[in-house]
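For reference, the chains in residue letters:
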Amino acid sequence: MDDNVMFPKLFAPININGVEIKNRVVFLPHGTAYVDQDYAPTEREMYYYEERAKGGAGLIVVPSLIVHPTGVYPGLGIGYSRSNIPKFKKIVDAVHSHGAKIFIQLSHMGNQTKSVETFHPTWAPSAIPDMTVGEMPKEITVEEIKELVESFAACAEMLMEAGFDGVEIKVAHDGILGQFVSLLKNKRTDKYGGSIENRGRIIVEILSAIREKIGQVPLGVRFGINRYLPGDYGVDEAVEYAKLFTTVADYISTDTGTWESIDMLVPSMNIPQGFLLEDVARIKQATGKIVIGNGRIIWPATAESALENNYLDMVGMARALIADPYWAKKAEAGKPDEIRGCIGCNQKCMGRLLQNLPISCVQNSTSGHEKKYGEDVLYKKTAKPKKIVVVGGGPAGMKAAEIYARRGNHVVLFEKDDELGGRVRWESRIPGRRGVSGVSHYLMYMLSILDNVDVRLNSKADTEAVLKENPDIVIIATGSTPISANPNYYGTIEALNGSVKGNSILIADNDSTTEGAGIAELFVKANKTVHWVTPSFFNGQNITAPILLDYFKRLAGKENLILHPMKVLIDFKDGKATLLNLYLNTTEKLNGIDSVVVTGIKEPNNGLYDSIRGEVSELYLIGDAAAPRDIASALEDAVGLTELIKEA
C-alpha cells in the first residue's frame, strides 16, 4: 500500500469471485431514462458510463434491466432482447478501456409499472398496489414464478455475452423481488409468503438459477436493508434476509427506502452524511461476505473512514459520481477539495426521473451530456487565449469564470459584494436549503487555485470599468433580486433578515418551490401563525417528492400552519386579506393578517448589459440576469456559453 496515497484503503484493489477491481469506488445502479423508445441502450448511456470510468471508478453497475415483458417500465432497458447485446458491448468496451469493471443488474418492476406499458396485468406477490402507482396488480401464480425465475437466469446468461464482469439482482426500493420480501406487499400463504425463508425463497431460486447458467463469476444482490415504512421490515429482518441470500450470492450491495418512503431512498441534504453506515456494518458482520455500502457518502474522508472501521468493503455512490464523474481520480490524487460535491437537492436527478425524463445534476450540468460537454470537451485548452470579463460572482458568473480560466483564458471577475456566491448566499439561509452552499464551495475553491483568474470583490462594475479592461469577451451574470412587487409587502430577503413584523403572516408563494416552503417553515418555527397561499394545486407542487416529503415531515401537525392551495392574494388592507381561487372563481376572506411576504418573484439585474451593448464585440447575458430561474439554470447557462463562444 502506497504511504503517499491520502486514502489508501479506498484505492486498494479487491477481488470478487475471481474478478479484480482496482479500487473500492462503485458507481451504483440508478435509473437514467437514457434508453430509447424500444428500451435499448444508447450512445448517450455509453458516454455517461465511460465518463465515470475515465474518472477512476473501479466498478460500474448498469441498472435494472427488465427480464420479462410483464415488468417493463419507461426509461429502463430490457435484458431479454438479443438485439441489444451489441449495444451493451459498446458500453462494456468503453468502460473496460479505462480499467474499470462493469456489472449488470436485473429486475422486474412488479406492481410499480402499469399495464399501459406492458399490455398485460402487472405481476406482484399479492394483489396489493404500490401507493405511488395506484394500479391493482395480479397476484403472480406459482407457474408464473417459475417463468420469472427462468427469465432472470436466461437474461443473465445472454447478457454475459456482451462482456459484463458480473451480475446482480435487484431486491431493493423498486421491483417485484423487493415486493416479495416486503411485509406489506407480500400476503401470500403458500411457500413464497409468511416466514423470512419463504418470502426470500424466490430470490434464492433466482440466484441459484443464474449461478447454474453463468458459473463462478461475481453474483450479487442489491438489497434494501430498511424500507422505512410502518409495518414493513427493518434492519433486524434485513440481516436474516442477507444471510439467506449469501448462501448463493458473492456480495450484498445495500439500499434503503421505497417509492413510498422516497425521502429515505434518495436522502436529502438534511439527512446526515453516512447515516446508514452502522446498519451496513450489521449486514457485513452477519454475512461475512463482501458488502458494497451506501448512505449519502459524499466525501473521500467519509469513505475511507467507513473502510477503516470495517463497516463495508466497497463504497457505493450514485449521486456523488453524477455530480463529479472524476471523484475517484481527484481523491486518488490527494485533491478532495476539487471534488464537486453532491448537494443532496434531488432536483435534476430524482426530480427528472420521477417525470420519466433523462436525469442530470444541478451541480454538474454536463451530466448526461458527456458527448457534448464532458470533461475533455468542456475544459479543453484553447489555442487562442483571450481576455474575458465576467460581471457578477453568483453561480452563473463563477461557473463561467471557472470554465474559461481552466481553458487557459485570462479572466477578470467583478463582484459588488465582499464575497462570492450571489443567490446561493441567501438561498442557503432558507430552512432546509443549507446544502446549496456546496455550489459556491466548489466554485470558490476552484477560482482560488486558478492563477489566471483575477477576482475583484467589493467592485461594482460599470461600463467604464469593464471597457477599461479592454476585454475580448464580456459576460454579464449580475443575477436577480427577490422582490415583493408591492411596497406594502415583504420579500424573501426581508424575511430572512428578520424584518417582517407581526404574529400572523400570509405567504404569497408564487412558484410553489423550496423558497416558499422554506419561508413558511421559517415563520412556523418562530411560532407565527402562517397562511401559506399558492396558485398551485397543492403547496410545494414544484418541489421534487423526496424534498417535499422532507418539508412535510417537519411541518406536519403544526397547528399554526394553514394551507391555501389554488389561491392568489388579490387584496390586502387593514389586516384583511382576500384570496381568489383561480380554478373555482371563489373568494375567501382572512382577518387578522399582520404582514404579507411574497416569494417566487425576482427582478433581473440587467442594466449593465443594456448600457454596454454595442461597446464590445462579444457580449453575453446569462443566469438570472437574463431570466430569473434557479441555480441549476444559472449553471446551465454558463456551460451553454461554450456553444456560443467558439474560440476561447
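Structure's up top.
If you're wondering where the values come from, they're calculated on a predicted model, not measured in any experiment.

Conventions adopted
- Residues numbered from 1 in each chain as written.
- Predicted model: local features only at pLDDT ≥ 70, side-chain atom pairs only at ≥ 80, totals over all residues.
- Heavy atoms only, no water.
- Helix = DSSP H or I, 4+ residues; strand = E, 2+ residues; numbered from the N terminus.
- Expected span 1.5 Å × (residues − 1).
- Buried < 20%, exposed > 50% of the residue type's maximum accessible area, 1.4 Å probe, protein only.
- Contact = heavy atoms within 4.5 Å.
- Salt bridge = Lys/Arg side-chain N within 4 Å of Asp/Glu carboxyl O.
- Axes fitted to C-alpha atoms, helices over the stretch in contact; angles between N-to-C directions.
- Left-handed = near helix turned anticlockwise from the far one by under 90°.
- Nonpolar A, V, L, I, M, F, W, Y, C, P; charged D, E, K, R; others polar.
- 1 Å grid on protein atoms, 1.4 Å probe; cavity = no way out; pocket = protein on both sides within 12 Å on 5 of 7 lines; lining within 4 Å.
- Points joined across faces, edges and corners; volume = space filled by probe spheres on them.

## Points about helix 1 (residues 43–54)
Then, number 1: Helix length check: helix 1, at 12 residues, gives a terminal C-alpha distance of 16 Å against a target of 16 Å (1.5 Å per residue), a fit within 8%.
Then, number 2: For helix 1, every residue scored as buried is listed here: Glu45, Met46, Tyr48, Tyr49, Glu50, Glu51, Arg52 and Ala53.
Then, number 3: Those residues of helix 1 hidden inside the fold are in contact with strand 3 (25–27), strand 4 (59–66), helix 2 (85–96), helix 12 (319–323), helix 15 (370–373) and helix 16 (375–378).
Then, number 4: Directly beyond the C-terminal end of helix 1, a positive phi value near 105° is found at Gly56.

## Thoughts on the pattern of salt bridges
Opposite charge on two side chains lets them pair, provided their charged atoms get close.
Then, number 1: With the rule as written, the count across this model stands at 41 salt bridges.
Then, number 2: Between Asp376 and Lys54 there is a salt bridge, with the nearest N and O atoms lying 3.0 Å from each other. Within this pair, whereas Asp376 is found in helix 16, its partner Lys54 is found in helix 1, the two being separated by 322 residues in sequence.
Then, number 3: Residue classification places Lys54 among the partly exposed residues on the basis of a relative accessible area of 21%.
Then, number 4: Among the charged side chains, a network of salt bridges with common partners joins Glu375, Lys399, Glu402 and Arg406.

## Considerations on the packing of helix 17 (residues 395–406) against helix 19 (residues 437–449)
Then, number 1: Look at helix 17 against helix 19: their axes get within 10 Å of each other, and the N-to-C directions meet at 35°. In the crossing of helix 17 with helix 19, the sense of the turn from one axis to the other is left-handed. Contacts between helix 17 and helix 19 involve Pro395, Met398, Lys399, Ala401, Glu402 and Arg406 from the former and Val439, Ser440, Tyr442, Leu443, Met444, Met446 and Leu447 from the latter.
Then, number 2: Here the contact of helix 17 with helix 19 is built from residues that sort into nine nonpolar, one polar and three charged.

## Details of empty space enclosed by the protein
Then, number 1: Inspection of every chain in the model, using the stated rule, returns six cavities of 30 Å³ or more.
Then, number 2: Put simply, the largest cavity is a space of about 90 Å³.
Then, number 3: Around the largest cavity, the lining is made up of 13 residues, and of these Cys342, Cys345, Asn346, Cys349 and Cys361 lie nearest the centre.
Then, number 4: Considered class by class, the residues forming the lining of the largest cavity number eight nonpolar, three polar and two charged.
Then, number 5: Each pocket or cavity is described by its volume, and for the second largest cavity that value is around 70 Å³.

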